[in-house]
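# Working through the structure, step by step
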Amino acid sequence: MAGHDHDGVVRAHSDSSLTMRPAPLVTRELREERERLLLRPGATVAEGAGHRARQEAPDPERTCFERDRDRIVHSAAFRRLAGKTQVVVHPTDHQRTRLTHAIEVAQVATSIARSAGVNVTLADAIALGHDCGHGPGGHASEDAFDAFIPEGYDHGPWGANVVLSGLNLCAETLDGIRNHSWSRPAPSTIEGEIVSWADRIAYCAHDLEDAIHAGIVTLDDVPKQVAEVAGRTRREQLGTFIRAVADTIDRYGTVGMEPAEAAALAELRNFNYERIYVRPASREQSRAVIEVLHALVEFYAAHPEAMPEPPDDDAGTETAVRAAVTYVAGMTDRYAFSSAVSELGWDPDRLPQGIDHGE
């Protein structure tokens, strides 16, 4: 269909009749001015083209952080998150992937940022990009790649410094992605610190929900401290923890939680580690992931010509090894495991298996 012509304007629907009073567009400059007037002191404001490693001209329509968000969403690294493990290798249609996790972290982060009166778009961009450095097979990939990277493989810095480096994102966005994990230095922006909390809130509540649906734990197993403060369900927990961070910003002007809610979140995370992440089936899954990823990196480092973009260096060199890690880390679960079978002759029985309901 070519649409429907109404007085020289083509519309999507033949019966469209809605109109607006003509008015100037809300340009980048106008939105930047509104940010300066409306955001809370201490919030990060967009300015021109932003602080980028490679200078760019400002966009006429989008703020610098809106451009960052768009670049992340349209990137191949972001799309591949749909095929990467969050907790469960070979997830069912109802279990989280890295992509759904990133979207859920963005929802939590923007909810807090909106309530706090800080830059929602920057929080959204950081949240959507925060896990682009993860490899296939979940957190076990970091352990696998550690063996090949002298400084260690950390998905935050790897995502900011390697995976997303070609997007020329703003320094504030990259900083938030690089430092969202609590083991890293604090982010340089309020919005980055909000994403650090949003990530933990999201994965604690959502991983528990996935585990309940998979029959690993039950609602009755949720610790009493968590249930009394934040409830037993994902909906209750998200509501409690989002409000806790927003209220703390309002009362104290800093990003965090008061002790009762913080202790409940910590207890939920401890419970998830003990009952979900390090259960025997999960440990076996991690062992299988590490084994196959080790073999893939070793193969491509020894045969760099097998990679789509071979490095300009000989096989086995540090450059070749780093290129192999970059290539394998970018793979989805399915592609990594099928590559092991096709390229290495890997026995499919040695591949990571799906969740074990009968444990």
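Residues numbered from 1 in each chain as written. Predicted model: local features only at pLDDT ≥ 70, side-chain atom pairs only at ≥ 80, totals over all residues. Heavy atoms only, no water.

## A short note on the overall build of the protein
As a reminder, the rule being used: Under the DSSP-based scheme used, a helix requires at least four consecutive residues in state H or I and a strand at least two consecutive residues in state E, with every element numbered from the N terminus. Here the radius of gyration uses the C-alpha set of atoms, whereas the globule reference equals 2.2 Å times the residue count to the power 0.38. Under the scheme applied here, a residue whose accessible area is under 20% of the maximum for its type counts as buried, over 50% as exposed, and between as partly exposed, the area being computed with a 1.4 Å probe on protein chains only. Each accessible area is a Shrake-Rupley result for a 1.4 Å probe, and residues are judged covered by the shown protein chains and nothing else. In this tally Asp and Glu are treated as negative and Lys and Arg as positive; neither His nor the chain ends contributes. To locate a charge, the coordinates of NZ of Lys, CZ of Arg, CG of Asp or CD of Glu are taken.
Helix and strand content of the protein: 15 helices and 2 strands. Taken against the 2.2 N^0.38 rule, which gives 21 Å for 359 residues, the C-alpha radius of gyration of the protein at 23 Å falls within 12% of a compact globule. Counting only C-alpha atoms, the protein reaches 65 × 55 × 45 Å along its principal axes. The burial tally for the protein puts 50% of its 359 residues in the buried class. When the accessible surface of the protein is split by element, carbon and sulfur atoms take 51% of a total near 17,600 Å². Counting 36 positive and 56 negative side-chain charges, the protein places the centres of these two groups 5 Å from one another.

## A short note on helix α4 (residues 98-116)
The condition that has to hold: Multiplying one less than the number of residues by 1.5 Å gives the expected span of a helix.
For α4, with 19 residues, the first-to-last C-alpha span of 27 Å sits near the 27 Å given by 1.5 Å per residue. Summarising burial for α4: 14 of the 19 residues are buried, a large majority. Remark: G117 follows α4 within two positions and exhibits a positive phi of approximately 75°.

## With respect to the side chain of T110
Under the convention used in this document: Whether two residues touch is decided by their heavy atoms; if any such pair falls within 4.5 Å, the residues are in contact.
Relative to the helices and strands, T110 is located in helix α4. Residue contacts for T110: discarding those within four places in its chain leaves V120 and D124.

## As for unusual backbone geometry
The phi torsion of most residues other than glycine is negative, and most of the peptide bonds are trans. Of note in the backbone geometry, D7 takes a positive phi value of approximately 55° without being a glycine. Judged by relative accessible area, which is 83%, D7 ranks as exposed. At N168, a residue that is not glycine, the phi angle is positive and equals roughly 55°. Structurally, N168 is set in the loop between α7 (155-163) and α8 (171-178).

## Here's the deal with the side chain of S196
Counting through the fold element by element, S196 comes out in helix α9 (residues 190-213). Overall, S196 belongs to the buried group, its relative accessible area being 8%. Beyond its immediate chain neighbours, meaning those up to four positions away, S196 contacts N179, H180, W182 and P187.

## Some remarks on helix α2 (residues 64-73)
Within the span of α2, buried status applies to C64, F65, E66, R67, D68 and I72. The secondary structure elements touched by the buried residues of α2 are α1 (28-38), α3 (76-80), α5 (120-129) and α8.

## Examining the pattern of salt bridges
Think of it this way: side chains of opposite charge can pair up when their charged atoms draw near. Cut-off, in case you're wondering: Salt bridge, as applied in this entry: a Lys or Arg side-chain nitrogen positioned within 4 Å of an Asp or Glu carboxyl oxygen.
Under the definition given, this model contains 25 salt bridges. Among the salt bridges present, the one from D59 reaches R67, with a minimum N-O distance of 4.0 Å. There is no split in this pair, since D59 and R67 are both buried. Among the ionic pairs, D221 bridges to R275, the shortest N-O distance being 3.6 Å. On the criterion of sequence distance, the pair formed by D221 in the loop between α9 and α10 (224-230) and R275 in helix α12 (residues 259-277) is long-range, its members being 54 residues apart. Each of R52, E56, D59, R62, R67, D68, D70 and R71 takes part in salt bridges that share partners, so that together they form one network.

## What about the environment of H4?
Structurally, H4 can be placed in strand β1 (residues 4-6). For H4, a relative accessible area of 23% puts it in the partly exposed group. Separated by 307 residues in the primary sequence, H4 and P311 place their C-alpha atoms 53 Å from one another. Filtering out sequence-adjacent residues up to four positions away, H4 remains in contact with V9, V10, R11, A12, H13 and S14.

## Some details on the confidence of the model for the protein
Operational definition: Values of pLDDT, the confidence the predictor places in each residue, fall between 0 and 100.
Averaged over every residue, the pLDDT of the protein is 93; residues scoring 70 or more account for 96%. Low confidence marks residues 355-359, where pLDDT is under 50. Its contacts with residues over four positions away, or in another chain, come to 12 contacts.

## Topic: the packing of α5 against α9
Under the convention used in this document: Here an angle of 0 to 180 degrees is reported between the N-to-C directions of two axes, which are lines fitted to C-alpha atoms, with helices fitted over the stretch in contact. To sort the angles, those under 35 degrees are grouped as roughly parallel, those over 145 as roughly antiparallel, those from 65 to 115 as roughly perpendicular, and the leftovers as oblique. Crossing handedness is read from the near helix: turned anticlockwise from the far helix by less than a right angle, it gives a left-handed crossing, and turned clockwise, a right-handed one. By the convention adopted, Pro, Cys, Tyr, Trp, Phe, Met, Ile, Leu, Val and Ala count as nonpolar, Lys, Arg, Asp and Glu as charged, and the other residues, Gly among them, as polar.
As a packed pair, α5 and α9 sit with axes 9 Å apart at the nearest point and diverge in direction by 45°. In this view, α5 runs oblique relative to α9, as classed from their interaxial angle. As α5 runs across α9, the sense of the crossing is right-handed. Within the contact between the two elements, α5 uses L122, A123, I126 and A127 and α9 uses E191, G192 and V195. Residues that form the contact of α5 with α9 fall into these classes: 5 nonpolar, 1 polar and 1 charged.

## Quick word on the packing of aromatic side chains
In plain terms, the rule: Pairing of aromatic side chains here covers Phe, Tyr and the six-membered ring of Trp, requires ring centres within 6.5 Å, and sorts the geometry by plane angle: under 30 degrees stacked, over 60 edge-to-face, intermediate tilted.
Under the defined criterion, the tally for this structure stands at 6 aromatic pairs. For the ring pair F299 and Y300, a centre distance of 5.0 Å and an interplane angle of 75° mean the geometry is edge-to-face. Exposure class is identical for F299 and Y300. Each is buried. A ring pair is formed by Y300 and Y327, whose centres lie 5.0 Å apart and whose planes are at 90°; its orientation type is edge-to-face. Of this pair, Y300 sits in helix α13 (residues 280-302) while Y327 sits in helix α14 (residues 318-329), and the two are 27 residues apart along the sequence.

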